[in-house]
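Listed here are the chains, written in short residue letters.
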Amino acid sequence: MAAFENALILLLLIAGLSVIGRRLPWPQLITYLLGGVGAAFIPSFPRLALDPGFFFLCFLPPLLFSDGWLMPLREFVRAKRSILTLAIGLVIFTTIAVGLVSYWLVPGLPLAMAFALGAIVSPTDAVAVNSVTERLRVPARLTTILNGESLMNDATGLVAFKFALAAVVAGSFSPGRVTLEFLLLALGGFATGLGVGYGIGRLRDWLRRFHVSDPHIEITLSLMTPFAAYLAAEKLGVSGVLSVVAAGLYSGWRDPVKMDVETRQSAFAVWSILLFWLNGIAFVLLGLQFPSLLSAVRDHYSIAQLLGFSAVVAITAMVARIGWVFSGSYLPFLVPRLCAGESPPTKAGVLVLGWAGMRGTVTLAAALSIPLALPNGSPFPGRDIVIFLAFGVIAITLLVQGTTLEWLISRLGLREDDSHTQEERLARIAAVEAGLKTLRAMEIEATAPDHSAALGQVVAEYEHRLAALTAEGETRKSARRRRGAGHRYRLAALNAERTAVNGLWLDGQIADEIHRPLQQLLDHEEAMLKASPHSTEE
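About the thresholds
Position labels on residues start from 1 in each chain and follow its written sequence. Local features in this predicted model are restricted to residues whose pLDDT is 70 or higher, and side-chain atom pairs enter the listing and the counts only when it is 80 or higher, whereas totals over whole chains, interfaces and linings include all residues. Side-chain metrics rest on all non-hydrogen atoms present in the structure, leaving aside hydrogens and water. In these notes, a set of buried Ala, Val, Leu, Ile, Met, Phe, Trp, Tyr and Cys residues joined through side-chain atoms within 4.5 Å is what counts as a nonpolar core. Residue exposure (1.4 Å probe, protein chains only): buried if accessible area is under 20% of the type maximum, exposed if over 50%, otherwise partly exposed. In what follows, residue pairs with any heavy atoms lying within 4.5 Å of each other are defined as contacts. Secondary structure follows DSSP: runs of H or I at least 4 residues long count as helices, runs of E at least 2 residues long count as strands, and numbering of each begins at the N terminus. Expected helix span is given by 1.5 Å per residue-to-residue step, counting one fewer step than there are residues. Think of it this way: the bend at a residue is just the angle between two axes, each fitted to seven residues, one set ending at that residue and the other starting at it. For Phe, Tyr and Trp, where Trp contributes only its six-membered ring, two rings pair if their centres lie within 6.5 Å, and the inter-plane angle classes them as stacked under 30 degrees, edge-to-face over 60, or tilted in between.

K.L.:
What's the story with the nonpolar core in this structure? I'm lost.
P.N.:
Note on soluble globular proteins: their nonpolar side chains tend to be buried together. In this structure, Met113, Ile120, Leu288, Ile370 and Ile385 are the most contacted members of the largest nonpolar core, which totals 119 residues. Excluding residues within four positions of it along the chain, Ile370 makes contact with Pro52, Met113, Ile120, Phe161, Leu165, Phe380, Arg383, Val386 and Ile387.

As C-alpha cells, then:
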C-alpha cells in the first residue's frame, strides 16, 4: 500500500510541477529537479530508497526505445558520419577528458570511477534539446544530427559506463581486451535487439491475421518490447542498451505501416504519457536523493569544494563538446574522400550543435544505477561523489545551456530550410492524386443516381484539394488564405456543435451511450483540422 501511495504522490507532484514549469524560463526538467529537492526538505514527504538495478531497468529501456522508434532512418543514414563522430568519438573524448580532470580534481576518487563519471555525463538529452528546437524550427539536418547523436551516444556512453564499473570491481583495466569485448557486446546486443523486434513484430502480424488482436493487445506488446530486448540481451551476456536501441529502430521502421489507425493513434497517446511520467519521476527522484547525497559527501568535502568540483566537471564537459564539434565539423573536409557529396556546415549551425549539450534522464539513470556495494559487501568506492557530480552537471548544463540555447539560435538567425515543406507538399499531392485515381476508377460502378451524386461530391472535393496543392504564386497564396479561413470557420462550427451536444446531455435529453460517440466524433474532426497545415493569413 505504501509503494502505491508513494507512486500517486510522485505523479501528483509531477503534474503540479509541470503547471509551475510552464511559467519559468528554463527547461521543464530543471523544475522537476528543483521540485524534488524542495520536497525532500519537507519532513512529512515520503523518503524513497532506490534500488539501483531496478531504477536502470525501469527507466532506461522505454526511454531508449522511444528515441530509436522516433529516429528517421533515411535522415540518420544521410548524416551517419556526423552522428557517429559525435556518438562514438565525442563520447570517448568526453569520458577521457572528464575522467582525467575529475581524477586530478577530486581527492580520493579512483581512476576507474572518474572514467565512470566521464561516461555518465557523455550522453546528451534529446528531450531538453527538442523542447527548444521544435519551437524555433531549426534546419532539418541539424535536428537529425542532434537526435541521432542523442540516441547513439546514450548507447555508447552507457556501454562505456558498464566497462568502467567492471574495472572498479575487477581492479584492473586492459584497453585491448575492453575494445574486443565492446565490439562483441555491441554487435551481439544489436543483433539481439533486431531479433526481438522482428519476433514481436511477426507475433503482432500473426495475431492480426487471425483476428485475435486489438489495439489494447498491440500496445501492450509494444510496451513490453524494450524490456524484452533488454532482458534477452542481458541473459545472453551482450549489451542490453544497444539491444533496446536496435529494437526501437526496427519497430520505428515497421510500426507506421503495419499498425491500423486506431492502434497507431492510441499507441502515440499511451507512449506520450508514459514518457512524461518517466522523465518527470526520474528527475523528482534525483531531487529527493539530494539531502542524503549532500550529507554523505559533506563528510569528505566542504560545500565550496563541492560547488567547485561540479562547476569544473560541467565546464570540462561543455568545452570538450564545443572543441570536438568544431574540429569534427571542419577537419574531415581536408580529406575530400571522407566528405564526398557533403557541403561544409555553417558556423552558426556548428555553434548551436556544440552548445546543445544538455544532460538529462540517461545521465541521471546511469548515475543512480551505480551499485551500493562491491561483491565483497564493502561500499562501492566514490559512489556518492560521482552521483553528486552527475547531479551538478545535469543542473548546470540545463540552467546554462538550456536557458540560452533558444536565445543563441534566434541571435544567429538559424531557420528551418524548405526541404520538409517540399517533401510534405510532394506527399500530399501524391496522396490526393492516388485517391482521385481510385475514385475515377469507381465511376463505372456508381450507376445508381444516389451513388453517382455522392461520388461526384467526393471527386469534386479531391479536385479542389489538388488544385490548392498545385497552385503557384498569388493563386497559391489565395488558396492558403481560403483554407486557413475555412479551418477557422469549421473550428467555430465544431465548438458550437460540441456545446449543443453537451447541453443536451447535461439536461438529460440524451443518454451517455449517445453522448460519448458524438463527442469522440467531434474531437476526431477537430484533431484532423488542427493537424492540417494552414496559413494564418487573412
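What follows picks up the thread again.
K.L.:
Explain helix H10 (residues 215–236) to me, please; I cannot follow it from the model alone.
P.N.:
For an α-helix, 3.6 residues make a turn, and residues three or four places apart therefore share a direction. With 22 residues, H10 extends 31 Å between its outermost C-alpha atoms, agreeing within 8% with the 32 Å of an ideal straight helix rising 1.5 Å per residue. Along H10, the sharpest kink reaches roughly 35°, centred on Met224 and followed within four residues by the proline Pro226. Just downstream of H10, Gly237 is the residue with a positive phi angle, here 80°.

K.L.:
What exactly am I supposed to notice about the packing of aromatic side chains here?
P.N.:
Think of a pair of aromatic rings as described by two things: how far the centres are apart, and how the planes are tilted against each other in angle. Per the stated rule, a full pass over the model turns up 9 aromatic pairs. Pairing Phe65 with Trp271 gives two aromatic rings, centres 5.5 Å apart and planes at 25°, and the pair type is stacked. Residue Phe65 is located in helix H3 (residues 52–70), and its partner Trp271 is located in helix H12 (residues 261–298); the two are separated by 206 residues in the primary sequence. Ring geometry for Trp69 against Phe268: centres 5.5 Å apart, planes inclined by 90°, an arrangement best described as edge-to-face. Highlighted residues: Trp69 in helix H3 and Phe268 in helix H12, separated in sequence by 199 residues. The buried category is assigned to Trp69, whose relative accessible area is 18%. In this structure Phe268 comes out as partly exposed when scored by relative accessible area, which is 42%. Among the aromatic residues, those joined into a ring-pair cluster are Tyr198, Tyr250 and Trp253.

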